[in-house]
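# Report on the structure
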Amino acid sequence: MANHDKFYINGQWATPSTKETIDVHNAGTGAVMGTVPAGAEKDMNAAVDAARAAFDAWSQTPPAKRAEYLSKISAGLKARADEIAKSIAQEVGMPIKLSARIQAGLPIAVFGNYAKLLGEFKFEEQVGNSLVVRDPMGVVGAITPWNYPLNQIALKVAPALAAGCTVVLKPSEIAPFNAYILAEVIHESGLPAGVFNMVTGLGPVVGEALVKHPEVDAISFTGSTRAGKRISELAAQGVKRVTLELGGKSASVILDDADLATAVKGTVNNCYLNSGQTCTATTRMLVPESKYAEVKALAAEAAKAFTPGDPLAETTRLGPLSSAMQLERVRAYIRKGQEEGAELVTGGAEAPEGIEGQLRGGYYVKPTVFGKVNPKSTIGQEEIFGPVLSIITYKDEEEAIRIANDTIYGLAGGVWSGDAARAQKVARRMRAGQIDINGGPFNMAAPFGGFKQSGHGREAGVYGLEEFLEYKSLQLKQ
Ligand code: NAD
């Protein structure tokens, strides 16, 4: 059991104002792993006060000095990488091997990269008779979800600190233990008191208190479109800058000249990563009508490799979902797909076989593929956040592009073709923030974010740093 009973405020472990706690469940077994305190508005106010008080000095700390702290934090996370991987494998359910590489590996790299970037970034330039300087935004409120919990925190905290902002973090209540590891690492790095603060609790309580607080200058949020809308409404009252990384319903467009075996396997792998709980998951596979039978067989074959199992076992490829609520949601979508007349190629809503012993209490679901999905149907439009792939057929390239863009989201996508130039032409017409061509690998330095209701603003690399900066021009007398 990992029971935490403190917040991290003003460089110290602070006692919560109430005795309320939140249970954290092990996704693999359903058992309670421990608790974290459920903060109240008073706790959040104390954290914001600390961040405000620390801002002046931190914003004037030279970038090279700020970079030293970021490097120390990266090294501190690296020293605890195994613990982070194991914690997230249990909190979220991602298989341990992947958790080590992605859930623990990415945050270490993100802090390290921002330390490096600070060495190169130009905080000012001369434009005519003006000196244009880039000031930190101020106090940043960071609110994060559970699916890649520490990476989503790192993508906000590292660039905000690099920019010279101070931060109050409200991590996900479903996977908060990894955030405590980060707070401990930050504490050990000697970061000045108040520069980083953390309060755990429920979104509508401490999350909203953070967004509404008049001393918070900017909000960086990753999570559902529903919560993103609410946060925007509240932040508008204080005319605050808001960065939103929200949901997605991304299309993998397989063109008629693509290597089908590679394209289908690549799409299924992308869709099922983290049991489908990835905002950029390509959950709609768009294929030429004439190739449907072949694609269907290849997809069923690829899905079979994802046997659900214990996330702590080295050989598991498909872990459980993160919570009982998520399990219910995903099963309901699978039933809905069947009711709406899609062809169930493989999988289904019933519990998978082979889940034995204490794993029976975990949140396992069958890897599922639907064929002949109507693009306008519920499973063709809504984000499911589970290992559920929808195959949609199209008549020609124009129709493929139209279907790919016909959703409220625009986060990610993929295009597969034997002709890379043709693939790029299609990708350029897709209204989404990042599109992989023929399985092009993830690039940490590229901007990450969405079009339409997938949000606005960008994270990662220099683009993520710029979100936390404000321009100021000083007109010089000539
Ligand atoms: P969620 O919106 O329920 O919660 C995210 C965070 O917001 C949590 O910390 C929660 O406590 C807080 N929150 C909830 N309601 C709030 C409110 N009214 N005010 C302030 N804070 C509030 O989302 P989730 O279930 O944790 O995450 C899943 C969603 O996140 C999916 O829709 C997924 O697509 C999206 N996501 C997007 C990205 C991206 O970068 N675009 C990345 C990962 C996840």
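Look up: the structure comes first, before these words.
Summary of the structure given here. (Residues numbered from 1 in each chain as written. Predicted model: local features only at pLDDT ≥ 70, side-chain atom pairs only at ≥ 80, totals over all residues. Heavy atoms only, no water.)

Along the chain, the position of Thr144 falls in the loop between strand S7 (139-143) and helix H5 (149-163). Not counting residues within four places of it along the chain, the set of residues in contact with Thr144 comprises Gln152, Ile153, Lys156, Leu169, Lys170, Pro171, Ser172 and Thr222. (Helix = DSSP H or I, 4+ residues; strand = E, 2+ residues; numbered from the N terminus. Contact = heavy atoms within 4.5 Å.)

Below, the discussion takes up the site of the ligand. Every one of the 29 residues lining the ligand counts as a neighbour, but Gln152, Lys170, Ser224, Leu246 and Glu383 are closest to it. One nitrogen or oxygen atom from the main chain of Thr144 is found 2.8 Å from an oxygen atom belonging to the ligand. Contact with the protein chains removes 91% of the 850 Å² of surface that the ligand exposes when unbound. At the level of elements, helix H7 (203-212), strand S10 (218-222) and helix H8 (225-236) are the ones that each hand at least two residues to the shell around the ligand. For the shell around the ligand, the leading source of residues is H8, giving four residues. Per-class residue counts for the shell around the ligand are twelve nonpolar, ten polar and seven charged. (Near = heavy atom within 4 Å. Polar contact = N/O pair within 3.5 Å; in protein donor to acceptor, adjacent residues only side chain to side chain. Areas by Shrake-Rupley, 256 points an atom, 1.4 Å probe, with all protein chains shown as cover. Nonpolar A, V, L, I, M, F, W, Y, C, P; charged D, E, K, R; others polar.)

Quick look at the environment of Ala64 now. Within the secondary structure, Ala64 is located in helix H2 (residues 63-79). The sequence separation of Ala64 and Ala115 amounts to 51 residues, and the corresponding C-alpha distance is 8.2 Å.

Right, let's get into the environment of Gly357. Considering the arrangement of structural elements, one finds Gly357 in the loop between strand S14 (343-346) and strand S15 (368-371). Distance from Gly357 to Glu339, taken between C-alpha atoms, is 32 Å for residues 18 residues apart in sequence.

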